[in-house]
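# Observations on chain architecture
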Amino acid sequence: MMGQYAKGSDVVLATATKSYVEVAYNWIYRLRNTPYHHNYLVVGMEDGLCDMLKDITKKQSHTIPIDGVMCLQIDHPAFGLGNATLNISWSYWQKRTQVIIKILELGFNVLHSDVDAIWMRPPFGVGHPITGTGHDIVFSRGGYPGDIARQWGFGTSCMGLVYFRSTSSRIIELLKISLKHGDDQSGINRALLSWEMRWQDYTPIAGAQEGVPMKLKKDSVSDSQIFSVLNVPPEIVLRDCQNMELPGTLFVAHCLSGNRGEEKIRSFHRRHLFFDDVLPRSRLLGSRSSRHLHDEVDDFVG
């Protein structure tokens, strides 16, 4: 599955359902000018998602060097999850966490991005606020669950944009604890809380917080297994984009919008973040549903 990667290298991961196929393609398109345009993996959470992505690629006349889309279905044997698409006892978020765990167990770092998290600048380089600070886990900032946000005082850790290094088996243990909750964001924050995260200001990045799980220190875990966590501020990964221009210093625009694929695309169009904003409309996927979708977008943006 991961033959093109060296152990310890970064795997850029995203997951999507069929209703998000154009959102997922837009995410891939935005990687075209980054070092990750060959180094990503999309996991199809429904049967047929990968075929749909490849179909869109064939119908676009611009070139994205993606070897026909690097996509695997969730029930691919490499993930070891069995027929996960039929396992209704697992939520979408639990399946996604299982994939992250599997890749970490294989010895790779995971940069997980929601497909509606749009990279404005590539996430690489020494000192980069997401992959270059040396922390073992780097989270974007959320506000859910609210009780934990109030307790910590600055917000919570968001799974929609997160970087995991394969540096400690305790990170995998933390993710497995998070699986006890159907929602990965609730799960990861409650797992961190149970491990007694102690946060402090991370002065190299204004507004960032860093911490370590004090429970591991109390349990006399070896220093090599005690991981560090960074939580970056909204100025780096923006969530609330309402009524504002996207700042030029932004790294990722992960704008809050509705949950349906159509609503995401409308939001992208408003901010000129959708791939067809810079391409002739004739290059769009030519299906009836796609034409109807883009008629709705035209009505919305006027």
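For the structure itself, look to the data block above.
Predicted, not measured: the structure shown is a model, and the values here were computed from it.

## So, the packing of aromatic side chains
What the rule picks out here adds up to eight aromatic pairs. Geometrically, the ring pair formed by Trp27 and Tyr40 is edge-to-face, given 6.1 Å between the ring centres and 85 degrees between the ring planes. Separated by 13 residues along the polypeptide, Trp27 in helix H1 (residues 21–30) and Tyr40 in strand E2 (residues 40–44) bring together distant segments of the chain. One exposure class covers both Trp27 and Tyr40, and it is buried. Residues Phe268 and Phe274 carry aromatic rings whose centres are separated by 6.4 Å and whose planes lie at 15 degrees to one another, so their mutual orientation is stacked. For Phe268, a relative accessible area of 5% gives the class buried.

## Considering helix H3 (residues 92–105)
When the terminal C-alpha atoms of H3 are compared, their 20 Å separation across 14 residues agrees well with the 20 Å that a helix rising 1.5 Å per residue should span. Among the residues of H3, Gln94, Lys95, Arg96, Thr97, Val99, Ile100, Ile101, Ile103 and Leu104 are the ones counted as buried. For H3, the elements touching its buried residues are strand E1 (10–16), E2, strand E4 (109–113), strand E7 (156–164), helix H5 (169–178) and helix H6 (184–194). Count one or two residues on from H3 and you reach Gly107, which has phi positive near 95 degrees.

## So, the state of the cysteines
Counting across every chain of the model gives two disulfides. Paired by a disulfide, Cys50 and Cys71 hold their sulfur atoms 2.1 Å apart. Its S-S torsion of about -75 degrees marks the bond between Cys50 and Cys71 as left-handed, since a negative value means left-handed. Taken together, the positions of Cys50 in helix H2 (residues 49–59) and Cys71 in strand E3 (residues 71–73) put the pair 21 residues apart, joining distant regions of the chain.

## Regarding the pattern of salt bridges
Side chains that differ in charge, positive against negative, can pair when their charged atoms come close. A complete count under the given rule lists nine salt bridges for this structure. Between Asp114 and Arg96 there is a salt bridge; the shortest N-O distance is 2.7 Å. Of this pair, Asp114 sits in the loop between E4 and strand E5 (118–119) while Arg96 sits in helix H3; the two residues are 18 residues apart in sequence, bridging distant segments of the chain. What makes Arg96 buried here is its relative accessible area of 4%. In this structure, Arg170 and Glu173 form a salt bridge, with 3.2 Å as the shortest nitrogen-oxygen distance. Here Arg170 pairs with Glu173, and both are found in helix H5, just three residues apart, close to one helical turn. By relative accessible area, which is 24% here, Arg170 ends up partly exposed. Residue Glu173 is classed as partly exposed on the basis of its relative accessible area, which comes to 33%.

Thresholds, definitions, all that
One numbering rule holds for all chains: residues counted from 1, following each sequence as written. For a predicted model such as this one, the threshold for reporting local features is a pLDDT of at least 70, and the threshold for listing and counting side-chain atom pairs is 80 or more; totals across whole chains, interfaces and linings nevertheless cover every residue. The side-chain quantities take in all heavy atoms of the structure and omit both hydrogens and water. Between 30 and 60 degrees the pair is tilted, below 30 it is stacked and above 60 it is edge-to-face, where a pair is any two Phe, Tyr or Trp rings, Trp via its six-membered ring, whose centres lie within 6.5 Å. Put simply, DSSP H or I for four residues or longer makes a helix, DSSP E for two residues or longer makes a strand, and each gets a number counted from the N terminus. Accessible area is worked out with a 1.4 Å probe on protein chains only. A residue is then buried under 20% of its type maximum, exposed over 50%, and partly exposed in between. Expected helix span is computed as 1.5 Å times (number of residues minus one). Should any heavy atoms of two residues lie within 4.5 Å, those residues are counted as being in contact. We call a pair of cysteine sulfur atoms a disulfide whenever their separation is within 2.5 Å. Salt bridge, as used here: a side-chain nitrogen of Lys or Arg that lies within 4 Å of a carboxyl oxygen of Asp or Glu.

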